[in-house]
Amino acid sequence: MHKLLFIPAAILTLAACQSAPKKDGNADSTAVPASTELPATWAKRFKGSLAGQNITLLLQKAGQNDFRGWYVYDAHGEPIALRPFYGEKRTDDSVIVNEGYTETDGVFRGTVSADGHFKGKWVNAKNTFDFDLAENNDSAVLFSVIAYADSTRLLADKPNSPVATASAYTVWPTGGGESTVAFLQKTLGPGVPQGSTPASLLKNGVDTFFTNYKSNAKDFDSTSMGASWSWSTESGSVVAWNQWPLLAIEDWTYEFTGGAHGNGGSNFSAYDLSKQKKLTLADVFKPNYKPVVSAALGKSYLKKYQVKSLEEAGLFVKKIEPNDNFFLTSHGVVFSYTPYEIAAYAMGQITLFVPWADIKTVVQEGYAR
């Protein structure tokens, strides 16, 4: 089974090279800031072409080897997740992110320069394509990445004690209109004072995990230093869509507290920035939308996993119902299902894209484009 997540190495770093918020309420064109070097963590949006097709790629760095993001072929709008690549060890400043876990999945290998370019090669088992994408913040919100990581021994006085590790990071809005930034900061970091960052919130979460870890020390058998006591928690947020007025944030977690394997998954939040609102299903769909959307989700699953029926796929369900874990793009809606929700753990997170054309009869005016 493939490893889903990675512990970032950065400890409380704020990417400070982003532009200041604009005074208007819209996410207008924002120039790439002049800089001679990249900060330790960052979040960027690039545009360009790949294999002769225009793409938009969201990419962020939360630690030395933790690169994640999403990209989309602009013509059809189906987001593709990019995750850290574990097939080889990085030994330089290169960026390696992959679309999946088989040899047919694409891998981006390149470098990000301070002048705003992501350049390199996209490869899979059959093809190799050069790419040179330019940073482009037109109609987008600018973000920085704030990260925190720490570790602690279960038994402080024993050098060979099991160790728990914890890491967390979040994206933090820094530009794209003053009212938009204020709305997102209030939403993403409730209780964070104006002009500050959620660094303390990240640390508090890590400290709470360690407190829980050490509270279990009374049950620890010091004669057995098994791996089940090497607890870990990892979490982060990733920008999944960033094109005014739609924004989507993916919040992922992975936690191991003993047992055969850890557990985790991703939850998405969809925003309509023109309304400064986190969207619900009722905002997007008309009443009685479920049968239409469910049929479209089944169609999407069959296409993505190349099976003839949901029964053949071995799902826990006979039909895939829309859930609250969704986000919007300019071309459709994405629904995502955490491990065990509709299928076995080994299937991982199941994320399905439904084009507006397949469900336009049940979509509220203003969203199906």
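Residues numbered from 1 in each chain as written. Predicted model: local features only at pLDDT ≥ 70, side-chain atom pairs only at ≥ 80, totals over all residues. Heavy atoms only, no water.

Engineer: Explain the overall build of the protein chain to me, please; I cannot follow it from the model alone.
Structural biologist: Across its full length, the protein chain holds 6 helices and 17 strands. Burial statistics for the protein chain: of 369 residues in total, 49% are counted as buried. Considering only intrachain contacts with a sequence separation of at least 6, the fraction spanning at least 24 residues in the protein chain is 58%. (Helix = DSSP H or I, 4+ residues; strand = E, 2+ residues; numbered from the N terminus. Buried < 20%, exposed > 50% of the residue type's maximum accessible area, 1.4 Å probe, protein only. Contact = heavy atoms within 4.5 Å.)

Engineer: How do you make sense of the sheet that holds strand β10 (residues 163-175) when you look at a structure like this?
Structural biologist: Strand pairing in a sheet relies on backbone hydrogen bonds, with the paired strands running either antiparallel or parallel. Across the sheet, which stays open at both edges, the 6 strands sit in the order β9-β10-β11-β12-β13-β14 with mixed pairing between neighbours. Here the strands that pair on one side only, and so sit at the sheet edges, are β9 (142-153) and β14 (277-278). Note that strand β13 (residues 263-272) and β14 share 2 bridges and pair antiparallel. Note on β14: the bridge partner recorded for Asp 272 is Lys 277. In this fold helix α2 (residues 199-215) packs onto β9, β10, β11 (232-243) and β12 (246-256), with an angle of close to 25° to the strand it touches most, β9. (Pairing = 2+ DSSP bridges. Axes fitted to C-alpha atoms, helices over the stretch in contact; angles between N-to-C directions.)

Engineer: Mind showing me how you'd approach the layout of surface pockets here?
Structural biologist: It is a probe the size of a water molecule, rolled over the atoms, that shows where empty space is left. Counted as a void, the second largest pocket has a volume near 280 Å³. Taken together, 17 residues make up the lining of the second largest pocket; nearest its centre are Tyr 169, Thr 170, Leu 202, Ser 237 and Asp 251. Those elements that provide at least two residues to the lining of the second largest pocket are β10, α2, β11 and β12. At 5 residues, β10 tops the list of elements feeding residues into the lining of the second largest pocket. Here the lining of the second largest pocket is built from residues that sort into 10 nonpolar, 6 polar and 1 charged. (1 Å grid on protein atoms, 1.4 Å probe; cavity = no way out; pocket = protein on both sides within 12 Å on 5 of 7 lines; lining within 4 Å. Points joined across faces, edges and corners; volume = space filled by probe spheres on them. Nonpolar A, V, L, I, M, F, W, Y, C, P; charged D, E, K, R; others polar.)

Engineer: Would you take a moment to explain the confidence of the model for the protein chain for this structure?
Structural biologist: In low-pLDDT segments, the atomic positions of the prediction should not be examined closely. Counting all residues, the mean pLDDT for the protein chain is 87, and 87% of those residues have values of 70 or more. Scored below 50 in pLDDT, residues 1-25 shows 90 contacts in the model against residues more than four places distant or in partner chains. (pLDDT = per-residue confidence, 0-100.)

Engineer: Before we go on, may I ask you to explain the pattern of salt bridges in this structure?
Structural biologist: When the charged atoms of two side chains with opposite charge come close together, those side chains can pair. All chains considered together, the criterion is met by 9 salt bridges. Linking Asp 74 and Lys 47 is a salt bridge whose minimum nitrogen-to-oxygen distance equals 3.9 Å. Within this pair, whereas Asp 74 is found in the loop between β3 (66-73) and β4 (80-84), its partner Lys 47 is found in strand β1 (residues 42-50), the two being separated by 27 residues in sequence. (Salt bridge = Lys/Arg side-chain N within 4 Å of Asp/Glu carboxyl O.)

Engineer: Looking at this structure, how should I read the packing of aromatic side chains?
Structural biologist: The geometry of an aromatic ring pair comes down to the distance between the two centres and the angle between the two planes. A complete count under the given rule lists 22 aromatic pairs for this structure. Centroid distance Trp 42 to Phe 67: 6.1 Å. Interplanar angle 50°. Geometry classified as tilted. Residue Trp 42 is located in strand β1, and its partner Phe 67 is located in strand β3; the two are separated by 25 residues in the primary sequence. The burial state of Trp 42 is the same as that of Phe 67; both residues are buried. The interplanar angle of 75° and the centroid separation of 5.8 Å between the aromatic rings of Trp 70 and Phe 268 together place this pair among those described as edge-to-face. Residue Trp 70 is located in strand β3, and its partner Phe 268 is located in strand β13; the two are separated by 198 residues in the primary sequence. Each member of the pair, Trp 70 as well as Phe 268, is classed as buried. One aromatic cluster is present, formed by Phe 46, Tyr 71, Tyr 73, Phe 108, Phe 118 and Phe 131 through successive ring pairs. A cation sits over an aromatic face here: Arg 109 above Phe 85, 5.4 Å from the ring centre. (Phe/Tyr/Trp six-rings, centres within 6.5 Å; stacked < 30°, edge-to-face > 60°. Lys NZ or Arg CZ within 6 Å of the ring centre and 35° of its normal.)

Engineer: Mind showing me how you'd approach the pairing of β11 here?
Structural biologist: One face of the sheet, then the other: side chains in a regular strand alternate in exactly this way. Across the 12 residues of β11, 10 count as buried, placing the element largely inside the fold. The pairing of β10 with β11 spans 4 bridges and is classified as parallel. Each residue of the ladder has a partner; that of Ala 166, found in β11, is Thr 233. Taking the residues that link successive antiparallel strands as the turn, the β11-β12 hairpin has 2 residues.

Engineer: Honestly, the nonpolar core in this entry has me stumped. Any pointers?
Structural biologist: In globular proteins that are soluble, nonpolar side chains generally tend to be buried together. Membership of the largest hydrophobic core comes to 57 residues, with the highest contact counts inside it found for Phe 285 and Ile 359. Ranked by residues supplied to this core, first place goes to β12 with 5 residues. Not counting residues up to four positions away in its chain, the partners in contact with Phe 285 are Val 293, Val 333, Phe 335, Ile 359, Val 362, Val 363 and Gln 364. Counting residues in hydrophobic clusters, the runner-up holds 19 residues, among them Phe 46, Leu 50, Leu 57 and Trp 122. (Core = buried A, V, L, I, M, F, W, Y, C linked by side-chain atoms within 4.5 Å.)

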